[in-house]
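If you want the building blocks of each chain, they are given just below.
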Amino acid sequence: MKTIFTFVPSRTHEFPDHPERPGRLDVLEPLLHSMDAEKIEATRATHEQITRVHQPQMIKAIEEVCKQGPGIIDHAPTYVTQTSYEDALLAAGGVIACMRAVIHGDAKNAFAIVRPPGHHAEPDRAMGFCIFNNIAIAAREALENGMERVMVIDYDAHHGNGTQAACMDNDRFGFISTHQWGIYPGTGWINDAPHAKGRLVNVPLHAYAGDETFPRVADKIFKPVVELFRPQMLFISAGFDAHWNDPITSLGLSTQGFFNISKKLVELAEEYCDGKIVFVLEGGYDPHNVANGAAAVFDALTNSPLSVAPKDSCLYTDPDHGARIDDILKWHGMKS
Ligand SMILES: [Zn+2]
């Protein structure tokens, strides 16, 4: 079965000197035709779908503020333009289209390359360059489309606070986030959700955690958590800002590292979720890293060897995370 993708570049969602810009996709876009995957068209998410995650008054406020033209709506800074409301609906709809194709068996797996990104957007507010929480909206939609349990695994360099908020009180919605500790948005410590042990798992990492740490976290944390929670589908918040030379963060992955972690996630989906997995673009502010990282994701999804070989391994030593991993497992009752 085939791998599919959607591409929602939102060309007019842009703001002067802002890192979350259409140009993030400029290196990737000309390469998309050479990926071993079929493009599907995105359609806008419906109001009903968005309201499964966001409050109606928040959605209305976004629609209204966009009509007024370009402006900053939070201190991240998050911006909108006149097209941002429609762009955000299409971004969420692109993830839903991928999810539906995978659930219905029209595709083996998928990659939703969309912007604006989504994982910081909380039920009652847009934040962190994100308008609507694309991945949470699609995950909730999957729960309405026959899935009993779904899980988001977020390897963006930042904590997926919006996704955490969206699944906080939903026993059918699991979440694991790896992120650099101490940076925006400041949430994502191990004990954020004492009522949801084993289902809502935060993995705060030291700066330059990278190619050694991520596979270790996948084996020691992702796998047992997935085994315990038993999701029927995985959604991956793929943020290529976890690359070591991203201009705004300091984790330590290389392109090979993105491939390794993506491959482990695809294998987890094959073992526990009948192969059902949808990757969703979040951050990543160097266009070359985004293109290489996306190629690595496509290679993992299509069970191919890594097709790109930039010499981009991290220049800094990957700090040891053995004690941190133990603390996380202990908190979740998975280690005594
Ligand atoms: Zn990020």
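Position labels on residues start from 1 in each chain and follow its written sequence. Per-residue local features of the predicted model are confined to residues with pLDDT of at least 70, and side-chain atom pairs are confined, for both listing and counting, to 80 or more; whole-chain, interface and lining totals are unaffected and use all residues. By convention in this description, side-chain values take in all heavy atoms of the structure and omit both hydrogens and water.

Time to look at the coordination of the zinc ion. Counted as donors are N, O and S atoms no farther than 2.8 Å from the metal, or 3.2 Å for Na, K and Ca; water is not among the atoms, and sites may therefore look incomplete. Every protein donor of the zinc ion is accounted for by D156 (OD), D156 (OD), H158 (ND1) and D241 (OD), and the metal-donor separations fall at 1.9 to 2.8 Å. Under this scheme a four-donor centre is tetrahedral when all angles range from 85 to 135 degrees, a four-donor centre is square planar and a six-donor centre octahedral when opposite donors are above 155 degrees with the rest from 65 to 115, and any other centre is irregular. Each of the four donor atoms bound to the zinc ion contributes to angles spanning 52 to 157 degrees, and the resulting shape is irregular. When the donors of the zinc ion are listed by position in the chain, the intervening gaps give D-x1-H-x82-D.

Bringing the side chain of H119 into the picture now. Strands are runs of DSSP state E lasting at least two residues, helices are runs of H or I lasting at least four, and both sets are numbered from the N terminus onward. Within the element layout of this structure, H119 appears in the loop between β5 (109-114) and α4 (134-144). What H119 contacts, discounting residues up to four positions off in sequence, is C130, N133, D154, D156, H158, H159, G160, N161, G162, T163, S237 and E282. Residue contacts are counted whenever heavy atoms from the two residues lie within 4.5 Å of one another.

Another point: the sheet that holds strand β2 (residues 38-39). A pair of strands is labelled paired if DSSP reports no fewer than 2 bridges between them. Strand order in this open sheet of eight strands is β2-β1-β5-β10-β9-β6-β7-β8, and the pairing throughout is parallel. What marks the edges here is a single partner per strand, and that holds for β2 and β8 (200-205). Summarising the sheet, strand β1 (residues 3-8) and β2 pair through two bridges and their orientation is parallel. By the bridge assignment for β2, F5 is matched with K39. Here the axes come from fitting lines to C-alpha atoms, over the contacting stretch only for helices, and the angles between their N-to-C directions go from 0 to 180 degrees. The sheet contacts of helix α8 (residues 287-301) involve β1, β5 and β10 (277-281), and relative to β5 the element is tilted by about 165 degrees.

So, on to the pairing of strand β6 (residues 150-154). One face of the sheet, then the other: side chains in a regular strand alternate in exactly this way. Burial of β6 is extensive: five of the five residues sit out of reach of the surface. With five bridges joining them, β6 and strand β7 (residues 173-180) adopt parallel strand pairing. Paired with M151 across the strands is G174, a residue of β7. Every crossover in which the path from the first strand over the helix to the second runs clockwise, viewed with the strands pointing away from the viewer, is termed right-handed. Chirality of the crossover, the property in question, places the unit of β6, helix α5 (residues 161-167) and β7 among those that are right-handed. Of the pairings in the sheet, the one linking β6 to strand β9 (residues 233-238) comprises five bridges and is parallel in character. Bridge pairing in β9 links D154 to S237. Buried residues are those whose accessible area, probed at 1.4 Å on protein chains only, stays under 20% of the maximum for their type, while exposed residues exceed 50% and partly exposed ones sit between those limits.

Before going further, it helps to spend a moment on the pattern of salt bridges. Pairing of side chains with opposite charge becomes possible as their charged atoms draw close. What counts as a salt bridge is simple: a side-chain nitrogen of Lys or Arg found within 4 Å of a carboxyl oxygen of Asp or Glu. Applying the stated rule across the entire model yields 21 salt bridges. Where E20 meets R24, a salt bridge forms, and the shortest distance between an N and an O atom there is 2.7 Å. Residue E20 is classed as buried on the basis of its relative accessible area of 0%. Residues E64 and K60 are paired through a salt bridge, measuring 3.7 Å at the closest nitrogen-oxygen approach. Taken together, the positions of E64 and K60, both in helix α2 (residues 56-67) and four residues apart, correspond to about one turn of that helix. With relative accessibility at 44%, the residue K60 sits in the partly exposed group. Through salt bridges that share partners, E48, R52, R100, E141 and E144 make up one connected network.

Two numbers describe how helix α7 (residues 255-272) lies on α8: the axes approach to 8 Å, and their chain directions differ by 30 degrees. Judged by the sense of rotation from one axis to the other, the crossing of α7 with α8 is right-handed. Counting all contacts with α7, which are made through T255, F258, F259, S262, K263 and V266, the residues of α8 involved are N292, A296, V297, D299, A300 and L301. All residues other than Ala, Val, Leu, Ile, Met, Phe, Trp, Tyr, Cys, Pro, Asp, Glu, Lys and Arg, Gly among them, are scored as polar; the first ten of these are nonpolar and the last four charged. Partitioned by chemical class, the residues of the contact of α7 with α8 number seven nonpolar, three polar and two charged. Each crossing gets its handedness from the near helix: less than a right angle anticlockwise from the far helix is left-handed, clockwise is right-handed.

Before going further, it helps to spend a moment on the packing of aromatic side chains. Side-chain rings of Phe, Tyr and Trp (the six-membered ring for Trp) are treated as a pair once their centres are within 6.5 Å; stacked means planes under 30 degrees apart, edge-to-face means over 60, and tilted covers the remaining angles. Within the structure shown, the criterion is met by 11 aromatic pairs. With a centroid separation of 5.9 Å and an interplanar angle of 90 degrees, the aromatic rings of F129 and Y285 are classed as edge-to-face. You can see F129 sitting in the loop between β5 and α4 and its partner Y285 sitting in the loop between β10 and α8, a full 156 residues away along the chain. For the ring pair Y208 and Y316, a centre distance of 4.3 Å and an interplane angle of 35 degrees mean the geometry is tilted. Residue Y208 is found in the loop between β8 and α6 (213-229), and its partner Y316 is found in the loop between α8 and α9 (322-331); the two are separated by 108 residues along the sequence.

Let's shift gears to the side chain of E20. Relative to the helices and strands, E20 is located in the loop between β1 and β2. Only 2.7 Å separates the side chain of E20 from the side chain of R115, close enough to count as a polar contact. Identification of polar contacts relies on pairs of N or O atoms within 3.5 Å, with a donor-acceptor requirement for protein atoms, meaning one able to donate a hydrogen and the other able to accept it, and with residues adjacent in sequence counted only if both atoms are side-chain atoms.

Below, the discussion takes up the nonpolar core. By size, the foremost hydrophobic cluster in this structure holds 58 residues, and its most contacted members are F111, I113, Y155, L234, F240, L265 and F279. Beyond its immediate chain neighbours, meaning those up to four positions away, F111 contacts I4, F5, T6, C98, F240, F279, V280, L281, A294, V297, F298 and L301. The set of buried Ala, Val, Leu, Ile, Met, Phe, Trp, Tyr and Cys residues whose side-chain atoms join them within 4.5 Å is what this entry labels a nonpolar core. Counting 51 residues, the second largest nonpolar core, distinct from the first, contains A45, L143, V150 and V280.

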